[in-house]
Amino acid sequence: MKTKDKIQEFARDLDEGLHLEHPSCWNESAESLELLELGKALAGQDFSNSHRAAVLSKVQSSANFKQEVTNMKMKSSLRRPAMILASILIAGGLSISFVKPSFAEELFGRVLQKINLGNIIASEMDPNVAPPFPEEWKGKLFDKEGNVITSFTKKLGEVYNADGEQIVNFDGDKLITKSEQEQRDKETAERMLAVKGQAELDKYALFKVKLPEYLPEGFVFDHGGFYTSEEGVVNGKYLTLFFTSKNEGQDITIYLCISDKETAYEISTSGKMEKVKVNGFDAVMMNNRSLDWEADGVLYNIATHGLEPSEVLKIAESIR
Amino acid sequence: MQERALLQSFWHKSIKEERPAEANTDRLFTTIFETYYSRIFNYTAYRVSCRYTAEDLTSQVFEKMLSKLHSYSPEKAPFEVWLFAIARNVVNDYYRSRRRYLFFPLEAVRELVSGRQAPEEHLLEGERSGRLNLALDILTAKERNIVALKFGADLKNKEIARLTGMSESNVGVILYRSMKKLKSEIGSVDQL
């Protein structure tokens, strides 16, 4: 049998639930038998039971649920959990994080200052209140000198696993090393649609794209990136602008998205936060290097490294 | 199947009315939740490695479903295809928002420290699914979605094709390829 036919026959058997039958009913090649067995095991995995009550309670306690049920105000938007960017006490590669707002308060203990820009909410957290250190990380994170890290109570700089590989992220329970993150980033990049000129940016974006007219010396606009779905459909709501630089230690990335309930986000920092103006619009500068504001229905975030705050503001103000 | 039939009759009695009785809506929600909860949860659990994230995303799916219920039209798509399209979008949004900030996702800290599960239970769950999680990580996003739709959501290849815009035979090919990858990563299925 041709490979193609064999694959289709296997897919058919799987679809018809043959893998759920007793193996004695199977009359397949050894390879297909193994895969049918795997299919049976995969279909038999049920992760849901221990979470049922929690999920139901979450849905029912959501702010909108009661109102939805009572009034059937189906058009009212759901409060999609806004993500919050937060700088925690640890520095270096782990300095900025995003969490849900309610958790941020629980984790950071005290909000010192909150700035509401509409679809962007920024909070400054008390740096003296340390977030709890996860039990699961104990014994797995080390500092540069190989000392085990057991709390967030001091600035850590870079962190490493037991094998000395730098940890830069984590996913669920899994700590992500630098090389693993690079691989993930590569895969993300492969899914992005890179666009060069203004005409093409306008073609895909669901908002008017304005590029900064001013860039510090040595920087040039390289390209814009749109996220695409698995089927290759471009999502015009979000756009990332990438710049190249001759200057070592300096970089600029600008994130833009249409301003709506879905794209709304919250940011927080335990570092420095101040309210500034960008072309008359309220904006938030964080740690002298990141600037967020909303103008003409578009949310902007400029993330930089190695630039003076005045330069960051100048770039923002040149977006007109 | 009885529950699904009950669901269909609700479309005509409840959804089409502008303001159906509260009891009806409540009952409709309960029916949908009871009918689809496990499949939605398992779908999200196949797509994200962390069970608590799956829990959050599942609740978002049902919230979103409820808010969009008025716009559902049985003529356009079967209910479960519509519902799993919502689930797929919720998970995609989750990954997109993470991608936007390639930083340290502290929400996972909450998941780790939440204490919603006794440590020994957490450990058991980790042992049971760790190998599968690792194996799922080697799949591409597209492959993982197809595996999740097949084994988590328990959808037919035809429904998966409709949901993803791929041909049915392409779904079969991706499924076969993904399962071969999983098999070689997992080894014996007894390990699952």
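The structure we're discussing is the one just above.
Residues numbered from 1 in each chain as written. Chains lettered and ligands numbered in written order. Predicted model: local features only at pLDDT ≥ 70, side-chain atom pairs only at ≥ 80, totals over all residues. Heavy atoms only, no water.

Novice: Explain the overall build of chain A to me, using residue names and the numbers behind them.
Specialist: Along chain A, the regular secondary structure elements total eight helices and 16 strands. Looking at chain A as a whole, 48% of its 320 residues qualify as buried. Expressed as a percentage of contacts within chain A between residues at least 6 apart in sequence, the contacts between residues at least 24 apart total 46%. (Helix = DSSP H or I, 4+ residues; strand = E, 2+ residues; numbered from the N terminus. Buried < 20%, exposed > 50% of the residue type's maximum accessible area, 1.4 Å probe, protein only. Contact = heavy atoms within 4.5 Å.)

Novice: Outline the packing of aromatic side chains, supporting the account with residue identities and numerical values.
Specialist: Scanning all chains against the criterion turns up 17 aromatic pairs over all chains. Taking 5.7 Å as the distance between ring centres and 65 degrees as the angle between the ring planes, the aromatic pair formed by phenylalanine 221 of chain A and phenylalanine 243 of chain A counts as edge-to-face. Taken together, the positions of phenylalanine 221 of chain A in strand 9 (residues 219-227) and phenylalanine 243 of chain A in strand 10 (residues 238-245) put the pair 22 residues apart, joining distant regions of the chain. A residue is classified by how much of its surface remains accessible, and phenylalanine 221 of chain A, at 23% relative accessible area, is partly exposed. We classify phenylalanine 243 of chain A as buried; its relative accessible area is 11%. A centroid spacing of 6.1 Å and a plane angle of 80 degrees characterise the contact between tyrosine 43 of chain B and phenylalanine 84 of chain B, whose relative ring orientation is edge-to-face. Note that tyrosine 43 of chain B is positioned in helix 2 (residues 22-47) and phenylalanine 84 of chain B in helix 4 (residues 79-100), a separation of 41 residues in sequence. (Phe/Tyr/Trp six-rings, centres within 6.5 Å; stacked < 30°, edge-to-face > 60°.)

Novice: Kindly report on the nonpolar core, identifying the contributing residues and their values.
Specialist: Counting residues in hydrophobic clusters, the biggest one holds 68 residues, and the most contacted among them are Tyr46, Phe62, Met65, Phe79 and Leu182 of chain B. Beyond its immediate chain neighbours, meaning those up to four positions away, leucine 182 of chain B contacts Leu38 and Leu42 of chain A together with Ala135, Leu136, Leu139 and Val147 of chain B. By size, the runner-up hydrophobic cluster in this structure holds 29 residues, among which are Phe219, Leu239, Ile315 and Ile319 of chain A. (Core = buried A, V, L, I, M, F, W, Y, C linked by side-chain atoms within 4.5 Å.)

Novice: Got a sec to walk through the side chain of histidine 223 of chain A? Specific residues and values, please.
Specialist: Residue and element names in this part refer to chain A. Take histidine 223: it is sitting in strand 9. A polar contact is formed between the side chain of histidine 223 and the side chain of aspartate 222, at a distance of 2.6 Å. Excluding residues within four positions of it along the chain, histidine 223 makes contact with Ala194, Val195, Lys196, Thr240, Leu241 and Phe242. (Polar contact = N/O pair within 3.5 Å; in protein donor to acceptor, adjacent residues only side chain to side chain.)

Novice: Can you explain the pairing of strand 4 (residues 120-125) of chain A? Please cite residues and give values.
Specialist: Residues and elements named next belong to chain A. Burial analysis of strand 4 places six of its six residues in the buried class, which makes it a mostly covered element. In strand 4, alternate side chains face the same way, and those of Ile120, Ala122 and Glu124 on one face and Ile121, Ser123 and Met125 on the other are all buried. Between the antiparallel neighbours strand 3 (residues 111-116) and strand 4 lie three residues, among them glycine 118 with a positive phi of about 100 degrees. Two strands pair when backbone bridges link them, and strand 4 and strand 12 (residues 265-269) are joined in this way by five bridges, in the parallel orientation. The residue of strand 12 that forms the bridge with isoleucine 121 is glutamate 266. (Pairing = 2+ DSSP bridges.)

Novice: Explain unusual backbone geometry to me, using residue names and the numbers behind them.
Specialist: Unusually for a residue other than glycine, asparagine 288 of chain A sits at a positive phi of about 65 degrees. Its location among the elements puts asparagine 288 of chain A in the loop between strand 14 (281-286) and strand 15 (290-295). Judged by relative accessible area, which is 25%, asparagine 288 of chain A ranks as partly exposed. Its identity as a non-glycine residue notwithstanding, aspartate 154 of chain B has a phi of 60 degrees, on the positive side. Counting through the fold element by element, aspartate 154 of chain B comes out in the loop between helix 7 (141-152) and helix 8 (157-164).

Novice: I'd like a description of the sheet that holds strand 14 of chain A, backed by residues and values.
Specialist: Residue and element names in this part refer to chain A. The antiparallel open sheet is built from eight strands, whose spatial order is 8-9-10-11-16-15-14-13. Either end of the sheet is taken by a strand with one partner, and the two such strands are strand 8 (192-195) and strand 13 (273-278). Neighbouring strand axes in the sheet, compared pairwise and without regard to direction, differ in orientation by 25 degrees on average. Strand direction decides the pairing type here: strand 11 (residues 251-258) and strand 16 (residues 298-305), joined by eight bridges, are antiparallel. Each residue of the ladder has a partner; that of threonine 253, found in strand 16, is alanine 303. Along the sheet, helix 8 (residues 309-317) makes contact with strand 11, strand 13, strand 14, strand 15 and strand 16, crossing strand 13 at roughly 40 degrees. (Axes fitted to C-alpha atoms, helices over the stretch in contact; angles between N-to-C directions.)

Novice: Can you break down the pairing of strand 9 of chain A residue by residue, with the values?
Specialist: Residues and elements named next belong to chain A. Where strand 8 lies against strand 9, four bridges are found, and the strand directions are antiparallel. Bridge pairing in strand 9 links leucine 193 to phenylalanine 226. Of the pairings in the sheet, the one linking strand 9 to strand 10 comprises six bridges and is antiparallel in character. Along strand 10, the bridge assignment pairs phenylalanine 221 with phenylalanine 243.

Novice: So what's going on with the packing of helix 7 of chain B against helix 9 (residues 168-186) of chain B? Residues and values would help.
Specialist: Residues and elements named next belong to chain B. Across the interface, helix 7 lies against helix 9 with an axial gap of 9 Å and an inter-helix angle of 100 degrees. Taken together, the axes of helix 7 and helix 9 are roughly perpendicular relative to one another. Packed against helix 7, whose contacting residues are Lys142, Glu143, Ile146, Val147, Lys150 and Phe151, the element helix 9 presents Val171, Ile174, Leu175, Arg177, Ser178, Met179, Lys181 and Leu182 at the interface. In the contact of helix 7 with helix 9, the residues fall into eight nonpolar, one polar and five charged. (Parallel < 35°, antiparallel > 145°, perpendicular 65-115°, else oblique. Nonpolar A, V, L, I, M, F, W, Y, C, P; charged D, E, K, R; others polar.)

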